[in-house]
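Summary of the model geometry
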Amino acid sequence: MNRIPPLSKSKTEAAVKTTTATATDDASAASAHAQQMIDVSKLPAEAAVEQLIDHAVSMEASDLFFVSNEQHVAVLVRHLGVVRPISVLSTEQGRRCLSHIKANSGMDLTEKRRPIDGRWIFNRRSDGEGDDGGPVDLRINVIPTMYGEDFAMRLLARGNKLYDVEQLGMTRDQLVAYQQMIAAPSGLILITGPTGSGKTATLYASLIKLNDGKRKINTIEDPIEYAIDGLRQSQVNPQIELGFSELLRSVLRQSPDVIMVGEIRDEETARIAVRAANSGMLVFATLHSASAPGAVQSMLSLGAHPHFLAQSMRGVVAQRLVRTLCPDCRMSFDVSDAPHTFDAVRPWLADDEGKTLYAPRGCDNCTQTGYSGRTGVFEVMPITKSLRTLISDGKPMREIRDKAIDEKMLEFRSSALLKVARGQTSTEEVFRVIPSEHMLMDE
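Residues numbered from 1 in each chain as written. Predicted model: local features only at pLDDT ≥ 70, side-chain atom pairs only at ≥ 80, totals over all residues. Heavy atoms only, no water.

1. Things to note about the sheet that holds strand S10 (residues 258-261)
As a reminder, the rule being used: Here a strand pair is declared whenever DSSP counts at least two bridges between the two strands. The way it works is that DSSP assigns letters per residue, a run of H or I at least four long becomes a helix, a run of E at least two long becomes a strand, and they are numbered from the N terminus. Lines fitted to C-alpha atoms define the axes here, with helix axes fitted over just the stretch in contact, and angles between the N-to-C directions of these axes take values from 0 to 180 degrees.
The strand order S9-S8-S10-S11-S7-S12-S15 describes an open sheet built from seven strands, whose pairing is mixed. In this open sheet, the two edge strands, each paired with only one partner strand, are strand S9 (231-235) and strand S15 (371-382). Direction aside, neighbouring strands of the sheet carry axes that sit 20° apart on average. Pairing analysis gives five bridges linking strand S7 (residues 187-192) to strand S12 (residues 313-325), with the strands arranged parallel. Residue pairing across strands places Leu190 opposite Val316, the latter belonging to S12.

2. Points about unusual backbone geometry
For the bond running from Asp222 to Pro223, omega is -5°, close enough to zero to count as cis. Tracing the backbone shows Pro223 in the loop between strand S8 (217-221) and S9. Unlike most non-glycine residues, Thr367 shows phi in positive territory, near 50°. As for its placement among the helices and strands, Thr367 is situated in the loop between strand S14 (356-359) and S15.

3. Quick word on the pattern of salt bridges
The condition is simple: Any Lys or Arg side-chain nitrogen found within 4 Å of a carboxyl oxygen on Asp or Glu counts as a salt bridge. Think of it in three bands: residues with accessible area under 20% of the maximum for their type are buried, residues over 50% are exposed, and the middle band is partly exposed, with areas taken using a 1.4 Å probe on protein chains only.
The tally for this structure, following the rule as stated, stands at 22 salt bridges. The residue Glu411 makes a salt bridge to Arg401 at a minimum N-O spacing of 3.3 Å. With Glu411 in the loop between helix H12 (397-406) and helix H13 (412-421) and Arg401 in helix H12, this residue pair connects regions lying 10 residues apart in the sequence. As far as burial versus exposure is concerned, Glu411 and Arg401 are alike and both buried.

4. Quick look at the side chain of Arg388
Put simply, the test is: Polar contacts, as used here, are pairs of N or O atoms within 3.5 Å; protein pairs need one atom able to donate a hydrogen and one able to accept it. Residues neighboring in sequence count only if both atoms are side-chain atoms. Only heavy atoms matter for contacts: two residues are in contact if any of them lie within 4.5 Å across the pair.
By the element assignment, Arg388 lies in helix H11 (residues 385-392). Separated by 3.1 Å, the side chain of Arg388 and the backbone oxygen of Ile383 make a polar contact. In contact with Arg388, not counting residues within four places along its chain, are Ala310, Gln311, Met313, Arg314 and Ile383.

5. Let's talk about the sheet that holds strand S1 (residues 63-68)
Read across the sheet, six strands follow the order S3-S2-S1-S6-S5-S4 without closing on themselves; strand pairing throughout is antiparallel. In this open sheet, the two edge strands, each paired with only one partner strand, are strand S3 (82-90) and strand S4 (116-124). Ignoring strand direction, the axes of neighbouring strands in this sheet form an average angle of 20°. In the sheet, strand S2 (residues 72-79) pairs with S3 via eight bridges, with the strands oriented antiparallel. Each residue of the ladder has a partner; that of Ala74, found in S3, is Val88. In the packing of helix H3 (residues 45-58) onto the sheet, the strands contacted are S1, S2, S3, S4, strand S5 (134-145) and strand S6 (148-157), and the crossing angle to S4 comes to about 80°. Against the sheet, helix H4 (residues 91-104) touches S1, S2, S3, S4, S5 and S6, its axis set at about 110° to S3.

6. Remarks on the confidence of the model for the protein
Filter applied, for reference: Note: pLDDT gives the predictor's confidence per residue, expressed from 0 to 100.
Summarising the model, the protein shows a mean pLDDT of 88, and 88% of its residues fall at 70 or more. When pLDDT is averaged over each helix and strand of the protein, the minimum, 43, is found for helix H1 (residues 9-21) and the maximum, 98, for S7. In the model, residues 1-30 has pLDDT below 50 throughout and makes 63 contacts with residues more than four positions away in sequence or in other chains.

7. Let's talk about the packing of aromatic side chains
Which entries qualify depends on this criterion: Working definition: a ring pair exists when centres of Phe, Tyr or Trp rings (six-membered ring for Trp) sit within 6.5 Å. Plane angles under 30 degrees give stacked, over 60 give edge-to-face, the rest tilted. Charge over a ring is defined by NZ of Lys or CZ of Arg lying within 6 Å of the ring centre and within 35 degrees of the ring normal.
Under the defined criterion, the tally for this structure stands at two aromatic pairs. Considering the side-chain rings of Trp120 and Phe122, the 5.4 Å spacing of their centres and the 90° angle between planes classify their relative orientation as edge-to-face. Considered together, Trp120 and Phe122 belong to a single accessibility category, that of buried residues. Taking the ring centre of Tyr371 as reference, the NZ or CZ of Arg323 above it sits at 4.0 Å.

8. Let's talk about the pairing of S6
Each regular strand displays side chains that alternate between the two surfaces of the sheet. Burial analysis of S6 places seven of its 10 residues in the buried class, which makes it a mostly covered element. Sheet analysis places S1 next to S6, joined by four bridges and oriented antiparallel. Paired with Leu64 across the bridge in S6 is Met153. Count of turn residues in the S5/S6 antiparallel hairpin: two residues.

9. Focus on helix H9 (residues 292-301)
Burial of H9 is extensive: seven of the 10 residues sit out of reach of the surface. The complete set of buried residues in H9 reads Ala292, Pro293, Gly294, Ala295, Val296, Ser298 and Met299. Here H9 starts with a cap whose side-chain oxygen sits 3.2 Å from the backbone nitrogen of Gly294, and that cap is Ser291. Trailing H9 by a residue or two, Gly303 shows a phi angle of about 95°, which is positive.

10. Notes on the packing of helix H5 (residues 172-182) against helix H6 (residues 199-210)
Using the following cut-off: An angle below 35 degrees is read as roughly parallel, one above 145 as roughly antiparallel, one from 65 to 115 as roughly perpendicular, and any other as oblique. By convention the crossing between two helices is left-handed if the near helix lies anticlockwise of the far one by an angle smaller than a right angle, and right-handed if it lies clockwise. Put simply, Ala, Val, Leu, Ile, Met, Phe, Trp, Tyr, Cys and Pro go in the nonpolar bin, Asp, Glu, Lys and Arg in the charged bin, and everything else, Gly too, in the polar bin.
Two elements in contact, H5 and H6, have axes whose closest approach is 11 Å; the angle formed by their N-to-C orientations is 60°. Here H5 is positioned oblique relative to H6, judged by the angle of their axes. Classified by chirality, the crossing of H6 by H5 is right-handed. On H6, the residues touching Tyr178, Gln179 and Ile182 of H5 are Thr202, Ser206, Lys209 and Leu210. For the contact of H5 with H6, a count of residues per class yields three nonpolar, three polar and one charged.

So, in structure tokens, the structure goes:
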């Protein structure tokens, strides 16, 4: 079988050791954390909350957390996929801050025993130095814990620029294959990956590309993260038992050309999505699946009929997000003494690529982290005639995967190794994000 050779364990571990040995040391990491910490201990609750939210948004964090401990409340952010502290509140100040957040997000201040969800449109002030402020949509969840309540706040800045399909991080071949998928008039396209892997960015980028005024596009989301002109967007509401399947049945009666289902969670939603794709609509949906071939098995386990699933599917995209190295401070290392490091992806590399390995260092421009952004690592699996036959016959995932690789699907390990060879990310970052079973194989 003519398949891409795997990234071997010995070669990969050697690359990891090279990078790790020269990565940012503990003192630099401590300095980075110190630079990101802010002191709000002397501020009233309203001002403290405002400053913490503003700080999290300004550093482009995706989430802000208030975590109740025995003697304090820790405030943390998730930035570029990594959770780090930004402040510490006393127990009393933390209690006042949490009550202020509850009051502004429409929550019951007296309810402390049950999980609660809320929403707060927070208006940031302009700082007069280029940041114009603007509204931030805060989606808030509260749960009771041993030492008090924990708050998780998803930060959705309305001014955020959405991605184009070309900016997601796919290779040239992957991009061509995916653009052919979404250009189809009908069929099912599955976007898979764990929470925080960038599925929403891929969905919105795809819908924006199709949003040319010639198609009726309906979405079913939980929640609606970005309002986009031209899309008919609906949100599920579990409190009135309005889930994905109920909304999807109603949306089908709206005669759409394109449907986006935020997540397929149950058998009924899976069957309706397959039926809609077979009836002439282009359907996008997300799943929690570890790989592109694994998405087929997930759909079958949710009760989709193998024949109808095979006929409806146009393709699967599995993805992860890795941090990109800061271009101002990344360190380079010659790998000429290990000439076979990038053999697995040599056909996809230019002549001047794959000769250097890069590692994070840290500078003021990247707040001493060594990383400045994120990009996607993808498996893009178009459903060909031969794959359609395997799915219809109920063949196991391994057989579907082998056939997809024979037909030039780039696996996670090769897709990730391309990012390393091109200096976009580090080996340690790849191993942090992508499960080892996708990266390591014994020789």
